[in-house]
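These are the residues of each chain, in order.
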Amino acid sequence: MSSLPAAALPRTQVWPALPAASWTDTRETLHRWTQIVGKTRLALCPMLNHWWQVPLYVTPRGLSTGSMPYSGGACEVVFDFRQHRLRLHTSAGSTLELPLEACSVAEFYRRYRALLRQAGVEVQIWPVPVEVEDATPFALDEYHRTYDTAAVERFWQVLLLSDEVLNEFRSGFVGKCSPVHFFWGSFDMAVTRFSGRPAPPHPGGVPNLADWVTREAYSAEVSSAGWWPGGNGAEAAFYSYAYPAPAGFANAPVQPAQAYFSTELGEFLLPYEAVRTATEPRQLVLEFLQSTYEAAAELAAWERSSLERVA
């Protein structure tokens with residue numbers, strides 16, 4: 001019997017393979033399903049700066065909205081990627097669910113709306129996807145209909161591991177910092193540090209997203225990082241960017257050696273494949289997060305002494 005406390009027990013962390021092409025159809029379907037559920041949170045929760053009231057959060061089972069107010073009390077919607085169920089819990093004591101299985105976005109939307117009505121959760125959501133080129137309304141989308149349970153479980157495993165390392169990175173900052181959250185619009189995890197200074201208006205231009213939405217998201221100077229599962233011909237990667245990007249940011253030396261600056265995206269990328277095949281994946285990601293943050297903070301002259309935790 002080990003005498004180590006539970007938190008110190010060694011764990012086997014396997015970062016699974018997740019080639020973008022291996023689950024394209026499932027990813028595009030699941031992206032839209034998370035938008036449908038996420039828009040419920042957007043409709044029910046009060047506005048927070050930078051749209052922090054809208055993301056989903058990683059759980060030991062999958063993704064959750066967290067508690068949302070409604071006329072009957074509070075409710076929560078959970079994607080359970082272990083048993084592949086969508087569950088709706090209410091403070092009145094009810095739990096309703098539907099299977100996560102291959103079906104069209106339109107069919108998922110109909111089932112989900114029926115689940116909300118059955119639970120007494122009355123909500124109006126914007127029924128069109130955002131931040132994607134194909135903005136077919138949910139109720140009409142019969143094309144996206146794939147759900148590969150094995151691929152979703154690999155995706156969820158990467159979310160769990162990424163959530164852990166991003167939260168570890170977040171702990172070193174005492175200034176204003178976002179939670180680690182999953183944005184269903186862009187379909188990625190993110191954590192954002194703030195310098196404390198305002199930012200110039202963002203130029204916008206995100207597909208099927210109003211520019212005023214983007215300007216609220218980027219109303220302050222930030223260094224933001226996270227993990228994206230890939231798509232549109234690109235592979236999964238950890239990313240890091242600054243807004244506004246200070247002069248020289250693209251040419252800043254960062255770690256590890258596998259990291260590079262994408263001129264197309266305007267951000268540093270660390271390929272997920274380099275992480276999962278590394279001897280110490282977690283350490284590789286932390287080096288990337290810290291070095292890219294330091295590049296942004298130093299070049300933009302952040303007051304780091306008042307923003308960072310002293311070891």
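Residues numbered from 1 in each chain as written. Predicted model: local features only at pLDDT ≥ 70, side-chain atom pairs only at ≥ 80, totals over all residues. Heavy atoms only, no water.

Per an unreviewed UniProt entry, the chain carries the name Ava_C0101 and related proteins and comes from Solirubrum puertoriconensis.

So, the overall build of the chain
To keep things clear, this is the line we draw: We count a stretch as a helix when DSSP gives it H or I for four or more residues in a row; a strand needs E for two or more, and each element gets its number in order from the N terminus. The globule rule is 2.2 Å times the number of residues to the power 0.38, and the radius of gyration it is compared with is taken over C-alpha atoms. Summary of the burial criterion: residues with accessible area below 20% of their type's maximum are buried, those above 50% are exposed, and those between are partly exposed, where the area comes from a 1.4 Å probe applied to protein chains only. Throughout, a residue-residue contact means that at least one pair of heavy atoms, one from each residue, lies within 4.5 Å.
Across its full length, the chain holds seven helices and 12 strands. Taking 2.2 N^0.38 as the reference for a compact globule, 311 residues should give roughly 19 Å; the C-alpha atoms of the chain span a radius of gyration of 20 Å, in line with that estimate. Seen through its principal axes, the chain has C-alpha atoms that stretch 55 × 55 × 40 Å. Taking all 311 residues of the chain together, 51% fall into the buried category. When contacts within the chain are restricted to residue pairs at least 6 apart in sequence, long-range pairs at least 24 apart make up 60% of them.

Observations regarding the state of the cysteines
The cut-off we apply is this: Any pair of cysteine sulfurs within 2.5 Å is marked as a disulfide.
Within the structure shown, the criterion is met by zero disulfides. No disulfide involves C75; its sulfur sits 8.2 Å from the nearest other cysteine sulfur, which is in C45. A relative accessible area of 3% means that C75 is categorised as buried.

Section: unusual backbone geometry
Note that the residue after Y243, namely P244, is joined by a cis bond; omega there is -10 degrees. On the secondary structure map, P244 appears in the loop between strand 10 (237-243) and strand 11 (260-262). Cis geometry marks the peptide bond from Q255 to P256; its omega dihedral reads -5 degrees. A positive phi angle is found at H84, which is not glycine, with a value near 55 degrees. Summarising the element assignment, H84 is placed in the loop between strand 4 (73-80) and strand 5 (85-90). Judged by relative accessible area, H84 falls into the buried class, the value being 9%.

Here's the deal with the pattern of salt bridges
Working definition: two side chains of opposite charge can pair if their charged atoms are close together. Note the threshold: A carboxyl oxygen of Asp or Glu within 4 Å of a side-chain nitrogen of Lys or Arg is what we treat as a salt bridge.
Evaluated as defined, the whole model comprises 16 salt bridges. Notably, a salt bridge pairs E107 with R111, separated by 3.0 Å at the nearest N-O pair. One end of the pair is E107 and the other is R111, both in helix 2 (residues 105-119) and four residues apart, which spans about a single turn. A residue is classified by how much of its surface remains accessible, and R111, at 27% relative accessible area, is partly exposed. One salt bridge connects R282 with E168, and the closest N-O pair in it is separated by 2.7 Å. Linking R282 in helix 6 (residues 281-299) with E168 in helix 3 (residues 149-170), this pair joins segments that are 114 residues apart in sequence. Because the salt bridges share partners, they merge into one network encompassing E101, E107, R110, R111, E142 and R145.

Brief notes about the environment of S291
Put simply, the test is: Distance and chemistry together define a polar contact, namely a pair of N or O atoms within 3.5 Å, with one atom able to donate a hydrogen and the other to accept it when in protein, and with adjacent residues in sequence counting only for side-chain atoms on both sides.
With respect to the secondary-structure elements, S291 resides in helix 6. In this structure the C-alpha to C-alpha distance between S291 and P201, which are 90 residues apart in sequence, comes to 26 Å. If we skip the residues at most four places from it in the chain, S291 touches V254 and Q255. A distance of 2.9 Å separates a polar atom in the side chain of S291 from the backbone oxygen of E287.

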